[in-house]
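Fold and geometry: a report
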Amino acid sequence: MPKQLERREAQSVTTARHLRSVNEAGGLFAIKNHPMAARMTYFALRALQHRGQQGAGIITSESNEFKSYRGNGLITSVFNDEAILDDLQGVNAIGQVRAATTDDRSDDTNIQPRLYQFNDETMAVAHVGNLTNGASLRDDLEATGAVLSSNSAAELFIHLIRKYRDLDFEQAFKAALLELKGGFDFCLLTENALYAAVDHNSFRPLVIGKLDDAYFVTSETCVLHTIGAEYVRELFAGEYVVIDDEGYRIERYAKDCQVAIEPMEYIYYARPDSDIAGVNVHTARKETGKRLAQECPAPNADIVIGVPNSSLSAASGYAEASGLPYELGLIKNQYTGRTFIQPTQEMREKGVRTKLSAVPNIIKGKRIVLVDDSIVRGTTIRRIIRLLKDSGAKEIHVRIASPALRFPNYFGIDVSHARDMVASNQTITEMNARFGSDSLGFISVQGLLEAINTPFKTANRGISLDAFDGKPSADIADYEAEFKAELTPLQVKIIKGEFQDE
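Since we're looking at a predicted model, the values are computed, not measured. (Residues numbered from 1 in each chain as written. Predicted model: local features only at pLDDT ≥ 70, side-chain atom pairs only at ≥ 80, totals over all residues. Heavy atoms only, no water.)

1. Structural notes on the pairing of strand β12 (residues 239–244)
This is how it is decided: Buried means the residue's accessible area, taken with a 1.4 Å probe over protein chains only, is under 20% of the maximum for its type, while exposed means over 50%, and partly exposed covers the values in between. Only DSSP runs of H or I reaching four residues or more are called helices, and only runs of E reaching two or more are called strands; each is numbered from the N terminus. Here a strand pair is declared whenever DSSP counts at least two bridges between the two strands.
Burial analysis of β12 places five of its six residues in the buried class, the great majority of the element. In this sheet, strand β13 (residues 247–252) lies alongside β12 in antiparallel orientation, the contact comprising six bridges. By the bridge assignment for β13, Val-241 is matched with Ile-250.

Written as structure tokens, this is what we have:
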């Protein structure tokens, strides 16, 4: 028998207070007026499973009746009984798959969506992103008597909405959004409508779709293919959508916004069959591989291999542009999670050892171009190089389909300290020696922008570059002092324009 459905969220006061506690990575889906809302949400979340594997939840509603079910683990583990979905009755639903941060992984109260019941209204909310002023907002709310039962930004957002309850709901929703800084996507289900919003820069994608006569929002367009839906529109900087019985309408809550999409969406996070801002992710990755081959050739190499799975598109592009054979020299165990979004370093290292195996007959005696999507901590690439050399590779020339990630990124990458980033204080030559590779090359920032080729005509082509140049695209607010205090000598040179890597 399934666990008893939650009618109210368990109250568990968390005393630890961390800046990163308002960070929530993962994927969202919410739908209005569909007779199989819970099941459509389940299948949508399965399509978004790559965005988070630590937890999942669905809340359904019809009129003023809400039902909730959440748990730790993969979507198929949480919803492991047909009766669970049968009990989640209602024509509206909101769901999330979650990638927990180190700080709040053990806090079950942060599993979303979360349900809030007041004497005059009921709301279900889910969120992904990082509120850079989350700690300040929490202090302000608690100073006025608010009692918060979790570390979730979703709860902060609900309290902000309630602060403006003298206004009509949509005006309160807009007022609350204007108090938020950082990167975020919110989905909020009320008794009358579904609301969804993106931040002032639309760091993460949020897409509107149509299924039969029902409208929905979701984190990636790959969901549309999974459930057989139509694409309607993507939300961009400072926009929100209201979906109700009349259909949908898109509004703007903030002016003077500029699109700055997190490049890791193209490089790593998103599924290759998704489109972001009209650009197919696989195509963008393949083009980065082609550009990488031009900028960082390996003229004496024999074959090209990619690190499964998010690097395979770039590897095929590199092979095509360089005229080298593309081979499957590494095989991934598809039943392990993504190591970059594992919550601890120990788990990441164990994940590398268990998820990849080499194909000795392909790589033995060969001079290999090894293409990876990015390097954050350097743990994975170092172990892969050792694996390939132990399996007989003659040379390994590492090529990275993103510029060097040299700065903390408070809007998209869950790395908040320079000490966690290998490129924060090491040159390419030093990293090459550290990894044990025969050569190391990264795509240039300009090469990345031209390869992705978004339709935006701004200087950065609608892409956030703060992880590369240390110039945040939005206000980092509560992180400002920490950011400045932790700058390495190399980072200081980059910001001043005094550093040019080889």
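2. Description of the pattern of salt bridges
Our working definition: Criterion for a salt bridge: a side-chain nitrogen of Lys or Arg within 4 Å of a carboxyl oxygen of Asp or Glu.
This model, assessed by the stated rule, comprises 23 salt bridges. Between Arg-51 and Glu-265 there is a salt bridge, with the nearest N and O atoms lying 2.7 Å from each other. Taken together, the residues Arg-51 in the loop between α1 (37–47) and β2 (55–62) and Glu-265 in helix α8 (residues 263–269) connect sequence positions 214 residues apart. The class for Glu-265 is buried, based on a relative accessible area of 2%. For the salt bridge of Arg-367 with Asp-302, the shortest nitrogen-to-oxygen distance reads 3.1 Å. A residue pair is termed long-range when its members are at least 10 positions apart, and Arg-367 in strand β19 (residues 367–372) and Asp-302 in the loop between α9 (281–295) and β16 (303–306) qualify at 65 residues. On the accessibility criterion, Asp-302 (23% relative accessible area) is partly exposed. Connected via shared salt-bridge partners are Lys-286, Glu-287, Lys-290 and Glu-320.

3. Re the sheet that holds β16
Cut-off, in case you're wondering: What counts as an axis is a line fitted to C-alpha atoms, over the stretch in contact for a helix, and the angles between N-to-C directions run from 0 to 180 degrees. Note on contacts: a residue pair is in contact if any heavy atoms of the two residues lie within 4.5 Å.
Reading across from one edge, β16-β19-β20-β21 is the order of the four strands in this open sheet, with parallel pairing throughout. Because the sheet does not close on itself, it has two edges, and the strands there are β16 and β21 (439–442). Sheet twist, expressed as the average angle between the axes of neighbouring strands with direction ignored, equals 20 degrees. Those strands touched by helix α10 (residues 312–322) are β16, β19 and β20 (395–400), and its axis lies near 165 degrees from that of β16.

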